[in-house]
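# Observations on the model geometry
These are the residues of each chain, in order.
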Amino acid sequence: MRKYDHLFHAYIQGIILIGFALLILGLVITGNIVYYIAPMMMPFIYFAMITFFLLGIVQIFRSTKKDSEHDTSCQCDHDHQIKGPAPVKLLIYSIFILPILFGFIIPDKALDSSIAANRGIQYGSGLGINQASAQTSVKEDGEENSLARAEAFLEDPEAYLSSLEQFSDDYIEEGHNPYELESFYDEDWFNEYYDELAQELSKESIITVTDRNYLDVMTVLDLYLDQFIGKEIEILGFAFRELDFTENQIVVARFSITCCTADAGVYGTLVESEEARHYDEDTWIYVTGTIDRGEYNDFIIPVIKDASITEVDQPDSPYVYPSYY
Amino acid sequence: MNRKNNFFKDLIGLLLLFFFLILFLMSDTLNNNEMLNDIPRAWINVNTIFLSIVIEAIPFILLGVFVSALIQIYVSEDTIQRFLPRNAIVALLPAALLGAILPLCECAIVPVVRRLIKKGMPLSVGVVFLVAAPILNPVVFASTYFAFRSETTNTILYSRMGLAFVLSIIIGGILYSIFKNSNQLRSDVTVHHHHHITNIQKPTFFTRIRDVLHHAVDEFFMMGKYLIIGAFIAALFQTFLDRAILTTIGQNDYSSTAVMMVFAYLLSLCSEADAFVASSFGRQFTDMSLVAFLVYGPMLDLKNTIMLFAFFKSRFVITFMITVTVVVFAAVVILFGFIL
């Protein structure tokens with residue numbers, strides 16, 4: 001029987017760990033990490049990246065030690081060796097190497113309308129329940145365009161990095177999470193938030209839907225639709241069509257991500273316009289028009305009427321996120 | 001001969017590292033590669049969701065393996081024996097409470113439970129941890145609260161938390177009555193075998209840190225492969241399963257509950273985010289089926305089934321799966337059919 005070669009396994013494992021770290025680092029540097037992970041989860045991703053680098057280096061050092069040392073220094077049962085004949089070992093390591101290769105080689109792309117079709121579009125905010133709080137003032141958001149949002153995201157990593165230590169410390173040691181639960185308990189506060197937002201939005205001459213206020217505006221339009229009929233709105237998203245749509249109907253939609261794309265939901269607004277027929281699904285479009293009350297599948301939903309549509313580039317951050325994070 | 005062999009091995013490693021570095025430096029060019037743009041969009045979506053789940057779960061797996069490694073190095077079997085009540089049934093209640101304190105999700109809990117059982121913790125207590133910890137934690141509480149914000153009574157939130165607590169004890173009890181505290185871990189290593197006194201001098205702080213890191217890596221490579229396989233299968237379902245089919249199947253109370261449980265199993269969502277997915281179904285599904293989705297998913301899903309099969313004996317895992325499924329379904333039906 002051949003001896004289990006600790007050195008070689010430690011060595012290969014170390015290199016795979018560094019490969020994972022490089023993959024995450026590459027995604028962060030190119031900014032393409034936004035296609036995979038919600039900004040709110042980024043502290044954990046930085047934690048993973050740094051840990052991978054560290055563990056990778058530790059593993060490679062381990063592989064330079066004398067074989068006997070591991071056996072005596074560690075009083076553990078050796079239950080975690082990679083077992084099996086050589087082909088099995090190769091297969092096991094391939095399982096780890098493949099995601100790294102996929103990550104580097106297959107183009108990073110946002111989810112598209114085929115996923116939206118499978119999941120079903122939520123018109124407006126769905127139940128009007130997915131969105132709560134947000135410390136960000138709406139006025140500020142109103143002035144922001146998607147470019148500013150993108151810039152804000154690029155600045156985010158630093159802020160996240162600084163909060164990372166705090167966050168994970170809390171998480172591990174105290175057994176607490178950093179979110180303040182108490183402040184969210186108040187039902188009145190919830191209604192007040194959207195009440196206030198609705199007030200502020202009514203004052204605006206034109207409602208600008210940004211990446212940051214997307215889900216909030218969807219909720220407000222759901223809750224207080226009557227108040228906004230006849231108002232101008234501008235919104236950006238990808239084009240989507242239901243099978244039963246007429247030629248002049250189109251949906252402008254965004255994916256909303258909480259943690260990762262597995263929990264993606266699709267939130268869209270129905271647009272009725274003569275121009276709709278010119279745009280293919282998955283084209284990113286910028287829509288301006290007037291809000292009206294419409295109906296789809298027996299639900300009252302907001303509709304953008306008399307809309308003008310222009311094709312735009314995909315924003316740097318293709319998804320939107322619940323605002324209270 | 002041996003020397004040649006070593007040289008060859010070094011070369012493999014170096015080539016792999018070199019390969020990763022090249023990919024890292026070229027990733028921008030690769031991303032804009034025309035040739036790769038011909039990959040069908042569906043498969044790019046699979047890839048996006050697959051990587052998304054893997055990258056998302058990795059930090060939590062790492063947390064899990066670190067906690068497990070710390071337990072391995074710092075918590076002795078005697079300590080565990082001392083703190084646990086002698087009677088396994090009596091231990092179930094404190095176990096559920098402890099599960100509520102541990103902020104570990106379903107990815108992180110498996111290595112921790114496995115390690116604790118290896119250290120001599122009763123199987124039934126481990127089972128309670130396994131099903132209680134992913135639901136009964138503050139992050140999940142908060143996300144469920146938000147997702148079902150518009151519900152003034154918070155029925156879903158309290159049903160989810162309440163059921164998780166009660167059912168974890170029931171499930172622990174049932175599995176205790178079947179398996180007692182027999183060893184159901186797959187590894188043939190017996191639990192109490194090493195009282196060897198090879199290390200006479202006390203390990204220094206530095207060697208302990210080193211041991212923790214080494215253990216963490218070993219365990220990451222053990223757990224990681226199952227996570228990656230599970231994530232891939234989940235990504236396939238996420239991409240190709242048309243959710244409209246579910247709504248047509250799930251018309252009545254019982255069938256929609258069953259459908260949502262199957263769905264929770266296949267999607268393998270993180271328990272921190274599943275409430276948002278559930279709330280997006282809200283229009284078509286009853287409270288009963290949504291609660292079933294939210295209780296069943298974190299207790300049992302595709303990605304942790306693969307991990308369970310790797311670490312526990314098949315007979316145990318199958319019994320565990322049947323128990324959890326039956327108990328959750330029955331409890332939800334009783335709760336929403338007769339009590340609420």
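Keep in mind the model is a prediction, meaning the values are calculated, not measured. (Residues numbered from 1 in each chain as written. Chains lettered and ligands numbered in written order. Predicted model: local features only at pLDDT ≥ 70, side-chain atom pairs only at ≥ 80, totals over all residues.)

### Re the overall build of chain A
- Scanning chain A from terminus to terminus reveals ten helices and seven strands.
- Looking at chain A as a whole, 41% of its 325 residues are labelled buried.
- Here the analysis covers contacts within chain A between residues at least 6 apart in sequence; of these, 78% occur between residues at least 24 apart. (Helix = DSSP H or I, 4+ residues; strand = E, 2+ residues; numbered from the N terminus. Buried ≥ 20, exposed ≤ 12 C-beta atoms within 10 Å, placed from the backbone. Contact = placed C-beta atoms within 7 Å.)

### Things to note about the nonpolar core
- Ranked by internal contacts, the top residues of the largest apolar core, which has 192 residues, are Ile-45 of chain A together with Ile-61, Val-295 and Val-328 of chain B.
- Element by element, the count of residues in this core is highest for helix H2 (residues 41–74) of chain B, at 19 residues.
- The two domains that each donate at least three residues to this core are domain 1 (6–69 + 81–109) and domain 2 (115–311) of chain A.
- In contact with Ile-61 of chain B, other than residues within four places in its own chain, are Cys-107, Ala-108, Phe-220, Met-223, Gly-224 and Leu-227 of chain B. (Core = buried A, V, L, I, M, F, W, Y, C linked by C-beta atoms within 7 Å. Domains from an automatic or database assignment.)

### A closer look at unusual backbone geometry
All names here are of chain A.
- We note that Asp-282 has phi near 75°; this positive angle belongs to a residue other than glycine.
- Topologically, Asp-282 is positioned in the loop between strand E5 (265–272) and strand E6 (284–296).
- Even without a glycine there, the phi angle at Asp-306 is positive, about 50°.
- Relative to the helices and strands, Asp-306 resides in strand E7 (residues 299–311).

### Brief notes about the pairing of E5 of chain A
All names here are of chain A.
- Extensive coverage of E5 is indicated by the burial of seven of its eight residues.
- Across three bridges, strand E1 (residues 121–123) lies against E5 in parallel orientation. For Ile-121, the partnering residue across the bridge sits in E5 and is Val-266. (Pairing = 2+ DSSP bridges.)

### Description of the packing of helix H4 (residues 92–101) of chain B against helix H6 (residues 123–132) of chain B
All names here are of chain B.
- Where H4 contacts H6, the axes come no closer than 9 Å and their chain directions differ by 35°. Here H4 and H6 pass one another in a crossing that is right-handed. Contacts from Leu-92, Ala-95, Ala-96, Gly-99 and Ala-100 in H4 reach Ser-124, Val-125, Val-128, Phe-129 and Ala-132 in H6.
- For the contact of H4 with H6, the class distribution of residues is eight nonpolar, two polar and no charged. (Axes fitted to C-alpha atoms, helices over the stretch in contact; angles between N-to-C directions. Left-handed = near helix turned anticlockwise from the far one by under 90°. Nonpolar A, V, L, I, M, F, W, Y, C, P; charged D, E, K, R; others polar.)

### A few points about the UniProt feature "transmembrane region" (unreviewed entry) in chain A
Residue and element names in this part refer to chain A.
- Per the UniProt entry, the sites bearing "transmembrane region" (unreviewed entry) are residues 12–38, 44–61 and 90–107 in this numbering.
- Structurally, residues 12–38 comprises 70% helix and 0% strand, and the distance from its first C-alpha atom to its last is 31 Å.
- In the segment residues 44–61, helix accounts for 100% and strand for 0%; the C-alpha atoms at its two ends are 26 Å apart. (UniProt positions renumbered as here; feature names shortened; annotations may be inferred.)

### Topic: the confidence of the model for chain A
Residue and element names in this part refer to chain A.
- Mean pLDDT over chain A works out to 76, with 71% of the residues at or above the 70 mark.
- Mean pLDDT across the elements of chain A ranges from a minimum in helix H6 (residues 138–143), with 34, to a maximum in strand E3 (residues 232–240), with 93.
- Contacts of residues 127–186 to residues separated by more than four positions or lying in other chains number 99 contacts, the stretch itself having pLDDT below 50. (pLDDT = per-residue confidence, 0-100.)

### Digging into the packing of helix H2 (residues 42–62) of chain A against H2 of chain B
- At a minimum axis separation of 9 Å, H2 of chain A and H2 of chain B run at an interaxial angle of 65°. Here H2 of chain A is positioned roughly perpendicular relative to H2 of chain B, judged by the angle of their axes. Between H2 of chain A and H2 of chain B lies a crossing of left-handed hand. Mapping the contact onto sequence places Phe-44, Ile-45, Phe-47, Ala-48 and Thr-51 of chain A in H2 of chain A and Ile-55, Ile-58, Pro-59 and Leu-62 of chain B in H2 of chain B.
- A per-class count over the contact of H2 of chain A with H2 of chain B returns eight nonpolar, one polar and no charged. (Parallel < 35°, antiparallel > 145°, perpendicular 65-115°, else oblique.)

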